[in-house]
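# Coordinate inspection notes
Each chain, letter by letter, is given below.
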Amino acid sequence: MSGAEITALLLLCTAVGFTPGPNTTLSTALAAYFGLRRALRFVLAVPVGWGLLLSLCASGVGALVVSLPPLRLGVKAAGVSYLIWLAWKLWHAHQLSQANANQLNVTFWQGVMLQFLNIKAWMLALTVVAGWLAGRADLWARFAVVLPLLLAFALASNLSYALVGTLLRQWLADPAHGGRRLRWFNRCMAAVLVATALWMATV
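A brief structural summary.

As a further point, take the overall build of the protein. Helix and strand content of the protein: nine helices and zero strands. Listing each helix as α and each strand as β along the protein from the N terminus yields α-α-α-α-α-α-α-α-α. Counting only contacts in the protein whose residues sit at least 6 apart along the sequence, the fraction spanning at least 24 positions is 84%. Within the structure as shown, the protein displays about 9600 Å² of accessible surface, and the carbon and sulfur contribution to it stands at 72%.

See the structure below:
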């Protein structure tokens, strides 16, 4: 791969990886609720799921999913529904983990599967495949360069947002404010998830 191609890929990864979305929003919220250690299982699930998704797209499955309207609609509907459900749980969460650890809880495998329900992730994976991999004689050699780079960005972006959530944890739990900070935090995070779900529905 040329230097220009790698630079373009880095710019794409930065723009997509560090902007708010379902993954970064959940990383922030989970760290704020449960602390960094518990949030790490989701933070690690994102690059695992993304790596599997990119592998499928590189092998041609991604183009099939997007080209079949019923399958594409199914992925989109499942993803939008899941994000709305998570937003609803977050909106109604009123305590941090010491009070109710089950109010907002996303497992490692749910985090992996979320990547397959995100039509935005499918489109990004297909963009990377079309721009950097498809039709190249050295496709799999390129894939060996692209995959670790994208995984590193996925990990770095979600870990960064989780660290922000960890820093907010004590501030949100301050009893002097009667839970107002936590309620507004929850509502903002829920609003971001709903906005992302609505955006996904229009893609």
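From this point, things continue past the structure.
For the rest of this paragraph, the subject is a nonpolar patch on the surface. Taken together, the side chains of L40, L44, L155, L159 and L163 present a nonpolar region at the surface, about 350 Å² in accessible area. Counting residues per element, the ones that place at least two in the nonpolar patch are α3 (36-58) and α8 (139-172). Tallying contributions element by element places α8 first for the nonpolar patch, with three residues. Following the sequence through the fold, L159 ends up in helix α8.

When we look at a pair of aromatic rings, we describe it by the centre distance and by the angle of the planes. Applying the stated criterion across every chain, the model contains five aromatic pairs. Ring centres 6.1 Å apart and planes at 65° place the aromatic pair Y33 and F34 in the edge-to-face group. Accessibility assignment for this pair places Y33 and F34 in one class, buried. Pairing F116 with W122 gives two aromatic rings, centres 6.3 Å apart and planes at 70°, and the pair type is edge-to-face. The exposure class assigned to F116 is buried, which follows from its relative accessible area of 16%. Exposure remark for W122: the relative accessible area of 4% places this residue in the buried category.

Parameters and conventions
- Residues numbered from 1 in each chain as written.
- Predicted model: local features only at pLDDT ≥ 70, side-chain atom pairs only at ≥ 80, totals over all residues.
- Heavy atoms only, no water.
- Helix = DSSP H or I, 4+ residues; strand = E, 2+ residues; numbered from the N terminus.
- Contact = heavy atoms within 4.5 Å.
- Areas by Shrake-Rupley, 256 points an atom, 1.4 Å probe, with all protein chains shown as cover.
- Patch = residues over 30% accessible without salt bridge, like charges linked within 9 Å, V, L, I, M, F, W, Y side chains within 5 Å.
- Salt bridge = Lys/Arg side-chain N within 4 Å of Asp/Glu carboxyl O.
- Phe/Tyr/Trp six-rings, centres within 6.5 Å; stacked < 30°, edge-to-face > 60°.
- Buried < 20%, exposed > 50% of the residue type's maximum accessible area, 1.4 Å probe, protein only.

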